[in-house]
Amino acid sequence: AQSVTQLDSHVSVSEGTPVLLRCNYSSSYSPSLFWYVQHPNKGLQLLLKYTSAATLVKGINGFEAEFKKSETSFHLTKPSAHMSDAAEYFCVVIGILTGGGNKLTFGTGTQLKVEL
Amino acid sequence: DAGVTQSPTHLIKTRGQHVTLRCSPISGHKSVSWYQQVLGQGPQFIFQYYEKEERGRGNFPDRFSARQFPNYSSELNVNALLLGDSALYLCASRSDTSYNEQFFGPGTRLTVL
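If you're wondering where the values come from, they're calculated on a predicted model, not measured in any experiment. (Residues numbered from 1 in each chain as written. Chains lettered and ligands numbered in written order. Predicted model: local features only at pLDDT ≥ 70, side-chain atom pairs only at ≥ 80, totals over all residues. Heavy atoms only, no water.)

Counting its secondary structure elements, chain A contains 0 helices and 12 strands. Each helix and strand of chain A, ordered N terminal to C terminal, gives the series β-β-β-β-β-β-β-β-β-β-β-β. By the compact-globule yardstick of 13 Å for 116 residues, chain A fits well, its C-alpha radius of gyration being 14 Å. The principal-axis extent of the C-alpha atoms belonging to chain A is close to 50 × 30 × 20 Å. Contacts in chain A between residues at least 24 apart in sequence constitute 55% of all its contacts with a sequence separation of at least 6. Per element, the accessible surface of chain A, about 5,600 Å² overall, is 52% carbon and sulfur. Of the side chains in chain A, 9 bear a positive and 8 a negative charge, and the two mean positions are spaced by 8 Å. (Helix = DSSP H or I, 4+ residues; strand = E, 2+ residues; numbered from the N terminus. Rg over C-alpha atoms; globule rule 2.2 N^0.38 Å. Contact = heavy atoms within 4.5 Å. Areas by Shrake-Rupley, 256 points an atom, 1.4 Å probe, with all protein chains shown as cover. Lys, Arg positive; Asp, Glu negative; His and termini not counted. Charge placed at Lys NZ, Arg CZ, Asp CG, Glu CD.)

Attention now goes to the sheet that holds strand β1 (residues 5-7) of chain B. All names here are of chain B. A sheet is described by the order of its strands in space; here 4 strands give the open sequence β1-β3-β8-β7, paired in antiparallel fashion. For this open sheet the edge positions go to β1 and β7 (64-68), each flanked by a neighbour on one side alone. With strand direction ignored, the average angle separating the axes of adjacent strands in the sheet is 15 degrees. Relative to strand β8 (residues 74-78), β7 runs antiparallel, the two sharing 5 bridges. Bridged to Q68 within β8 is S74. (Pairing = 2+ DSSP bridges. Axes fitted to C-alpha atoms, helices over the stretch in contact; angles between N-to-C directions.)

Let's shift gears to the layout of surface pockets. Here the idea is plain: a probe the size of a water molecule rolls over the atoms and shows the empty space left. In this structure, the largest pocket occupies an estimated 490 Å³ of space. Q38, P40 and N41 of chain A together with L88 and R109 of chain B are, among the 20 residues lining the largest pocket, the residues nearest its centre. By residue class, the composition of the lining of the largest pocket is 7 nonpolar, 10 polar and 3 charged. Here the second largest pocket defines a volume of roughly 170 Å³. Lining of the second largest pocket is provided by K103, L104, T105 and F106 of chain A together with P43, Q44, F45, G58, N59 and F60 of chain B. Among the elements of the structure, β11 (102-106) of chain A together with β5 (44-50) of chain B are those that each provide at least two residues to the lining of the second largest pocket. Looking at side-chain class alone, the lining of the second largest pocket contains 5 nonpolar, 4 polar and 1 charged residues. (1 Å grid on protein atoms, 1.4 Å probe; cavity = no way out; pocket = protein on both sides within 12 Å on 5 of 7 lines; lining within 4 Å. Points joined across faces, edges and corners; volume = space filled by probe spheres on them. Nonpolar A, V, L, I, M, F, W, Y, C, P; charged D, E, K, R; others polar.)

Another point: the pairing of β11 of chain A. Residues and elements named next belong to chain A. Burial along β11 is one-sided: the face carrying N102, L104 and F106 is buried and the face carrying K103 and T105 is not. Sheet analysis places strand β10 (residues 87-96) next to β11, joined by 5 bridges and oriented antiparallel. By the bridge assignment for β11, I96 is matched with N102. Where β10 folds back onto β11 in an antiparallel hairpin, the turn is made up of 5 residues, including G100, whose phi is positive at roughly 100 degrees. (Buried < 20%, exposed > 50% of the residue type's maximum accessible area, 1.4 Å probe, protein only.)

Below, the discussion takes up the interface of chain B and chain A. Taken together, the contacts link 21 residues of chain B with 21 residues of chain A. Interface area, chain B with chain A, both sides summed: about 1,700 Å², of which 51% is carbon and sulfur. On the surface where chain B and chain A come into contact, there are 1 salt bridge. Note that K49 of chain A is salt-bridged to E101 of chain B, the shortest N-O span being 2.8 Å. (Buried area = accessible area lost by both parts, 1.4 Å probe. Salt bridge = Lys/Arg side-chain N within 4 Å of Asp/Glu carboxyl O.)

Quick look at the nonpolar core now. Of all hydrophobic cores here, the largest spans 26 residues; its most connected members are W35, L48, L76 and Y89 of chain A. Ranked by the residues each element gives to this core, the list is headed by β10 of chain A, at 4 residues. Those residues within four positions of Y89 of chain A in sequence are excluded, and the remaining contacts are Q6, L21, W35, Y36, V37, L47, F63, L76, G109, T110 and L112 of chain A. Among the nonpolar cores identified, the runner-up in size contains 22 residues, and L11, V19, C23 and V32 of chain B belong to it. (Core = buried A, V, L, I, M, F, W, Y, C linked by side-chain atoms within 4.5 Å.)

With omega at -10 degrees, the peptide bond leading from S7 of chain B into P8 of chain B counts as cis. Relative to the assigned elements, P8 of chain B resides in the loop between β1 and β2 (10-13). For T72 of chain A, which is not glycine, the phi dihedral falls at a positive 45 degrees. With respect to the element layout, T72 of chain A can be found in the loop between β8 (64-68) and β9 (73-78). Under the relative-accessibility criterion, T72 of chain A is labelled partly exposed at 32%. A positive phi angle, close to 75 degrees, is found at Y72 of chain B, a residue other than glycine. Given the relative accessible area of 24%, Y72 of chain B is considered partly exposed.

Structure follows, in structure tokens:
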């Protein structure tokens, strides 16, 4: 079964400093991985996705993630945090259903706090 | 274009009651999935439907059921509500051409008293 582990439940950074949100994955085959963001009282928004093409994936709002097979990691980074980045971030792996569909398996989330 | 829509936005029920949540996918999307997000946790997969057929079910009791209609909209039903069913219920749709990408609605916040 596919799973992801988010290594930090809370991360706090100062505005303008780099962001690093860590995620390790477990998969019996080459995984498809995603990062989603959830702002308070809003739905989930896809930040970026890795589907076995380039290992460095660029997403929206300046975020990017690097797929490292040797480390089974898919960490999310941003060079300079903005106040609007404060939100809950989820690392997600996709799994195949026996009925032919697919499902998303979410990590436990990392709450990002951005301080002035 | 309209995104995934869900109704109602908020709902309060008491234990033992039944609830129906509704979802309309993005136009052209034939697949709908349901997820439960308990406060402080990541969403958990409940069901996926494709062209009215159930494609998969997560680890949820039989009190949870769903169906998909010919226009691809979907309902999630929960019977005999428990306090632990209080959560944000999220619906997601995907297209046939972007198989791996799911688009989420804003969710229905269910409170069971």
